[in-house]
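An overview of the molecular structure
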Amino acid sequence: METLTNIVNAVDTFVWGPVMLVLLVGTGIFLTIRIGFRTWLNLPYALKSVLSKEARKTDRGTGDISPFAALMTALAATIGTGNIVGVATALVSGGPGALVWMEISAIFGLTSKFSECMLAIKYRTVNEQGEMLGGPMTTMKRGLKNKTLGAVLAMLFAIFAVIASFGIGNMTQANSISSALLSTFHIPTWITGVVITALVLVILLGGITRLSKVSSVIVPVMAVFYLIFGIIVILGNITNLPAAIVLMFKCAFSPAAVSGGVLGTIVSGMMQSMRWGVARGVFSNEAGMGSAAITAAAATTDDPVRQGYINMTGTFFDTIVICTVTGLAICSSGVLGSIDPATGELLTGSALTIAAFQTVLGTFGGWMVTIGITLFAFSTILGWEYHGEKALEYIVRSPKICMAYRIFFSLIAFIGATQSLDLVWSFSDIANALMAIPNLICMLALSGVIASEVKRFQVTLDEEKYEKK
């Protein structure tokens, strides 16, 4: 067993190594340049569209759910433990500069997220039940000129997505919930497991409509509350903020290792900051992974580019807003680099974020982080079920098997909540990386299509802006 664990961990380290990170960020950089930085220039339009009344309606175009609901369901899958635990891990392993690199990767990740979601809508199909079926698998099969290559890449993506849905999208999230509730409120893991399983089952049996309604409530509410208390922590430590920001940029761009001061025992340099910042940034927002595109394909829209812009704001909210608040709360609190008295090791993960919130909010701060982890991780389970189910539907085309998947997926959450998951985490991490490879190949191959679609819609966008003047 130990040998298997070592092998899996070695493969995990390799697939998430420099080559993968360069491919993920490099694709975002290439596509951003190829479309003339339109995702950056049109970000204000995208944010305004998300907040508009039209985004909550289903009277413009075809689809299963509203544009807003599609975004919230996609965000449900991406706003998870990465926003709390992942940021803390990145700061300990890569230093404060990791936060800067998380944001840099997210800026280019906007284009990756836009591209995969836009293509998913452009190439989506309708299944026998009249529901939308789309995502990187249909994009690869219908969009790539080499149909054999497209079919192979599509099947590989779908298989890896199903595997990832059980691991990174379910068991590891359930484990994060049960661990947080056990340490903060002393709730036994089996009770948490039963409750998670029951809630997930009830929601999933209602299909995408019920799932999207729940996500449309949970995601905005939990995000707003977490941001409010995170900002309170930052304001409470405002005198430390300027020095923390200076240190962040120093660590992010200094070739020589930086140590001492508020870093405690942490030593950080540019390459270390870059590696952990990019890796945790991608883990948090999933830009380039292709998962969000599956949900985007269900949106009601009259133009794939319009919904692509709406869905790309997921990366903005996830990393540039929520992860930044978590990172600044930790960096300004003075707890980064602290030693845990109980273990004698560096504070990291949720314990570090809890310690940061407690500097201003006391015990209540720990409760808020725990509740945040619980809601964030629960929403991730819901969002990833839809991703996994649609990937499975592409493989088997059987409504009965897809219904059985919903039930099995719900039951697996109990195992995740009650068992140790080191090996499962590594397996699902590998599946996550293997999902990205065919998706990135597809986006690069269709970069010309992406550019032409953006150029076409820009005319419509300019006309709409002129009419509103």
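Not measured: the values here are computed from a predicted model.

The next subject is the nonpolar core. Within the largest apolar cluster, 140 residues are counted, with the highest numbers of intra-cluster contacts made by W16 and Y309. At 15 residues, helix α9 (residues 147-185) tops the list of elements feeding residues into this core. When neighbours within four sequence positions are excluded, Y309 is seen to be in contact with R38, T39, N42, Y45, A46, F114, V454, F457 and Q458. Membership of the second largest hydrophobic core comes to 7 residues, among which are C117, A120, A293 and A297.

This next bit is on helix α8 (residues 136-143). With respect to burial, α8 is a largely interior element, 6 of its 8 residues being buried. For α8, the full list of buried residues reads P136, M137, T138, T139, M140 and G143.

It is possible for side chains of opposite charge to pair when their charged atoms get near one another. Counted according to the given criterion, the structure contains 6 salt bridges. A salt bridge links D303 to R456; its shortest N-O distance comes to 2.8 Å. Separated by 153 residues along the polypeptide, D303 in the loop between α14 (291-296) and α15 (304-333) and R456 in helix α20 (residues 447-468) bring together distant segments of the chain. In this structure R456 comes out as partly exposed when scored by relative accessible area, which is 36%. In this structure, a network of salt bridges that share partners links the residues K122, D303, E453 and R456.

To continue, consider empty space enclosed by the protein. Counted according to the given criterion, the structure contains 4 cavities of 30 Å³ or more. Lining the largest cavity are 13 residues, with A77, T78, Q173, F283 and E286 positioned closest to its centre. A per-class count over the lining of the largest cavity returns 4 nonpolar, 8 polar and 1 charged. Empty space within the second largest cavity amounts to approximately 70 Å³. Looking at the second largest cavity, the residues that line it are L24, V25, G28, S105, F108, G109, S112, V282, N285 and A287. Those elements that provide at least two residues to the lining of the second largest cavity are α2 (18-34), α7 (97-122) and α13 (270-285). For the lining of the second largest cavity, the leading source of residues is α7, giving 4 residues.

Analysis parameters
- Residues numbered from 1 in each chain as written.
- Predicted model: local features only at pLDDT ≥ 70, side-chain atom pairs only at ≥ 80, totals over all residues.
- Heavy atoms only, no water.
- Core = buried A, V, L, I, M, F, W, Y, C linked by side-chain atoms within 4.5 Å.
- Buried < 20%, exposed > 50% of the residue type's maximum accessible area, 1.4 Å probe, protein only.
- Helix = DSSP H or I, 4+ residues; strand = E, 2+ residues; numbered from the N terminus.
- Contact = heavy atoms within 4.5 Å.
- Salt bridge = Lys/Arg side-chain N within 4 Å of Asp/Glu carboxyl O.
- 1 Å grid on protein atoms, 1.4 Å probe; cavity = no way out; pocket = protein on both sides within 12 Å on 5 of 7 lines; lining within 4 Å.
- Points joined across faces, edges and corners; volume = space filled by probe spheres on them.
- Nonpolar A, V, L, I, M, F, W, Y, C, P; charged D, E, K, R; others polar.

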